[in-house]
Amino acid sequence: MPDPLTVSGSFSPEDVKHIGLKSIISGQIIKKYSQNQNLRSIKNVKLIIPSKAVSVDRNERTLFIPCLKLLLNYRFSNNFNKVSQIEIDNVYAYVAVVFPDEEPESFGYYIGVDRNTMGHIAVVADPDSGKVWKLGKMRYHIHQKYQNIMNRLSNSGKNKQLKAVKKREKNIVKDLNHKISRKIVDLALYNGSGIKLENLKGIRKLNSKSNGAGKGKPDQNKDKKLTCSNEYSLNNWSFLQLQQFIEYKARLRGVEVVYIDPYATSKKCSRCGHTGNRQSKRFECPCCGHVDHADVNAAFNIALTPKDTGQFSAERDAGKGRTDTPQKVLARNAFSKRAAREKASPQFAWEVCQFLT
């Protein structure tokens, strides 16, 4: 548009009629930007075309927009359900499509993923082959780099640049979590296994309670630097974001994701099952003499622990707070709980024996 569009009050397609857009496009633009209460003016706007204004030819692999007389060729997979919308700027066309979710296949064994607050973001272990993958070590160094930059900008009073640096770090971490989640799903596909994660719901609340329990005691402040470092890692690195990325990538590829109780996964020996001694990232078992990296030992414990009755977050949200919860979901959960109680101990013993042999 030639001039900035002043945003005030409610909008209708008549307000942007002078721009020359079709009503089906102007309505989508108004719907998107009118929801932002802090918006004052708009200089550059992408054209938004809804699905009902797009014709799809799967044989020719083309998308035709009649109101713009625009024909687009696409190269992505042809098994999508529908085109949600298309956004167009002066260079690119951004096509949003809906792909069907594959039904997760139940595998015979799983790879364990240990998510950490310090050191590597994720450590993956495959009990069948004994291989270990350590992913995301650069996360802590990225934070230290941008923390120093933000401290200098804050002391100089450059708030606008400070906000840009925070956004840049957030985008880098998001990209890193995308790459790690894709690597984990690819490993599961390559090994023909499912993925086991710890159910870390409420870990931040638990950590804040444990940190607050020692307030007012003088001897609790001697490790103040360590406490602040742990507080950073728990509250600034998103367990949930990586979990969500793993979940939706696994659903697209038909990989099963299950959850286990995280209790004692970092303290229990993955060889004999007895409680060992952990100091920082070193684990040592006094019973069998097994010595290992603590995160690697935890990842093997996660892979060998019998799976819980956890669900994808999408499945939990679908039935949460509703009176019409699907009966099939309830029946499946009840059956899984009974099966877990009956077969947990024998299954775990069998898996340990297979790993030791």
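These numbers were taken from a predicted model, which means no experiment stands behind them.

Enquirer: When you look at the overall build of the chain in this model, what are you seeing that I'm missing?
Expert: In terms of helices and strands, the chain carries nine helices and 16 strands. Taking all 357 residues of the chain together, 33% fall into the buried category. The long-range fraction of contacts in the chain, counting pairs at least 24 apart against all pairs at least 6 apart in sequence, stands at 58%. For the chain, the accessible area works out to roughly 22700 Å², and carbon and sulfur atoms hold 50% of it.

Enquirer: How should I be thinking about the confidence of the model for the chain in this particular structure?
Expert: When pLDDT drops low, the exact placement of atoms in the prediction is not to be read closely. Per-residue pLDDT for the chain averages 75, and the proportion of residues at 70 or more is 68%. Per-residue pLDDT, averaged within each element of the chain, yields its smallest value for helix α5 (residues 224–236) (40) and its largest for strand β5 (residues 62–65) (94). The low-confidence segment residues 213–236, where pLDDT is below 50, has 16 contacts with residues more than four positions distant or belonging to other chains. Overall, residues 317–325 carries pLDDT values under 50, and its contacts beyond four positions in sequence, including any with other chains, amount to three contacts.

Enquirer: What am I meant to see in the sheet that holds β5 here?
Expert: Adjacent strands of a sheet form backbone hydrogen bonds with each other and so pair up, either parallel or antiparallel. Pairing in this open sheet of three strands is antiparallel, and the strands run β4-β5-β6 from one edge to the other. Of all strands in the sheet, those with a lone pairing partner are β4 (55–57) and β6 (70–73), marking the two edges. Averaged over all pairs of adjacent strands, the angle between their axes in this sheet comes to 20°, without regard to strand direction.

Enquirer: Hey, could you run me through the nonpolar core in this one?
Expert: For soluble globular proteins, nonpolar side chains are generally found buried alongside one another. Core analysis: the biggest nonpolar cluster contains 21 residues, and V113, V124, I180, I184, I195 and L197 have the highest contact counts within it. Only β9 (110–115), β10 (122–126), β11 (131–135), α3 (159–191), β12 (194–198), α6 (239–253) and β13 (257–260) provide two or more residues apiece to this core. Considering every element that reaches this core, the biggest residue donor is α3, with six residues. If sequence neighbours within four positions are ignored, V113 has contacts with A122, V123, V124, I184, I195, K196, L197 and I302. Among the nonpolar cores identified, the runner-up in size contains 17 residues, and I29, I42, I86 and I88 belong to it.

Enquirer: Can you walk me through the environment of K163 in this structure?
Expert: Inspection of the secondary structure puts K163 in helix α3. Linking K163 and M150, residues 13 residues apart in sequence, is a C-alpha distance of 8.8 Å.

Enquirer: What should I look at first to understand the pairing of β10 in this one?
Expert: Here is the key point about a regular strand: its side chains alternate between the two faces of the sheet. Buried residues dominate β10, accounting for five of its five residues. Of the two faces of β10, the one carrying A122, V124 and D126 and the one carrying V123 and A125 are both buried. Where β9 and β10 come together, four bridges link them in antiparallel fashion. The residue bridging D114 from the neighbouring strand is V123, located in β10. In this antiparallel pair of consecutive strands, β9 and β10, the connection spans six residues, and G119 shows a positive phi of 80°. As judged from the five bridges shared by β10 and β11, these two strands associate in the antiparallel manner. Across the sheet, the residue bridging to V124 is W133, located in β11. Linking β10 back to β11 in an antiparallel pair, the connection comprises four residues, with G130 at a positive phi of about 80°.

Enquirer: Explain the side chain of R115 here, please?
Expert: With respect to the helices, strands and loops of the structure, R115 is situated in strand β9. With no salt bridge to any partner, buried R115 finds its closest opposite charge in E198, at an N-O distance of 5.7 Å. One polar contact links R115 to Q243, side chain to side chain, over a distance of 3.3 Å.

Enquirer: Just checking my understanding: could you explain the sheet that holds strand β3 (residues 47–50) for this structure?
Expert: One open sheet accounts for three strands, arranged β3-β7-β8; its pairing is antiparallel. One side of each edge strand has no neighbouring strand; the edge strands of this open sheet are β3 and β8 (93–98). Direction aside, the axes of adjacent strands within the sheet are offset by 15° on average. As paired strands, β3 and strand β7 (residues 82–88) are joined by four bridges and run antiparallel to one another. Residue I48 lies in a different strand from β7, and its bridge partner there is E87. Contacts from helix α1 (residues 23–33) reach β3 and β7, with the element oriented near 110° to β3.

Enquirer: So what exactly am I meant to see when it comes to the packing of α3 against α6 here?
Expert: Packed helix pairs are characterised by how far apart their axes lie and by the angle those axes make with each other. Taken N-terminus to C-terminus, the directions of α3 and α6 make an angle of 40°; their axes are 9 Å apart at the nearest point. In terms of orientation, α3 lies oblique with respect to α6. Crossing angle aside, the handedness with which α3 passes α6 is right-handed. Packed against α3, whose contacting residues are V173, K174, N177, H178, I180, S181, R182, I184, V185, D186 and L189, the element α6 presents Q241, L242, F245, I246, Y248, K249, A250 and R253 at the interface.

Enquirer: I keep staring at helix α2 (residues 138–156) and nothing clicks. Help me out?
Expert: In an α-helix, one turn spans 3.6 residues, which is why side chains three or four residues apart end up on the same side. Here α2 contains 19 residues, and its C-alpha end-to-end distance of 28 Å stays within 8% of the 27 Å for a straight helix at 1.5 Å per residue. Every buried residue belonging to α2 is among R139, I142, H143, Y146, M150 and L153, and all of these are buried. Axial view of α2: buried residues confined to an arc of 95°, hence all on one face. More than 90 degrees from the buried face of α2, the exposed residues found are H141, R152, N155 and S156.

Enquirer: It is not clear to me how a nonpolar patch on the surface should be interpreted in this structure. Could you clarify?
Expert: A contiguous nonpolar patch, built from V91, Y92 and Y94 and spanning about 350 Å² of accessible area, is present on the exposed surface. Counting through the fold element by element, Y94 comes out in strand β8. Residue classification places Y94 among the partly exposed positions, given a relative accessible area of 39%.

What counts and how
Residues numbered from 1 in each chain as written. Predicted model: local features only at pLDDT ≥ 70, side-chain atom pairs only at ≥ 80, totals over all residues. Heavy atoms only, no water. Helix = DSSP H or I, 4+ residues; strand = E, 2+ residues; numbered from the N terminus. Buried < 20%, exposed > 50% of the residue type's maximum accessible area, 1.4 Å probe, protein only. Contact = heavy atoms within 4.5 Å. Areas by Shrake-Rupley, 256 points an atom, 1.4 Å probe, with all protein chains shown as cover. pLDDT = per-residue confidence, 0-100. Pairing = 2+ DSSP bridges. Axes fitted to C-alpha atoms, helices over the stretch in contact; angles between N-to-C directions. Core = buried A, V, L, I, M, F, W, Y, C linked by side-chain atoms within 4.5 Å. Lys, Arg positive; Asp, Glu negative; His and termini not counted. Salt bridge = Lys/Arg side-chain N within 4 Å of Asp/Glu carboxyl O. Polar contact = N/O pair within 3.5 Å; in protein donor to acceptor, adjacent residues only side chain to side chain. Parallel < 35°, antiparallel > 145°, perpendicular 65-115°, else oblique. Left-handed = near helix turned anticlockwise from the far one by under 90°. Expected span 1.5 Å × (residues − 1). Arc of directions from axis to C-beta. Patch = residues over 30% accessible without salt bridge, like charges linked within 9 Å, V, L, I, M, F, W, Y side chains within 5 Å.

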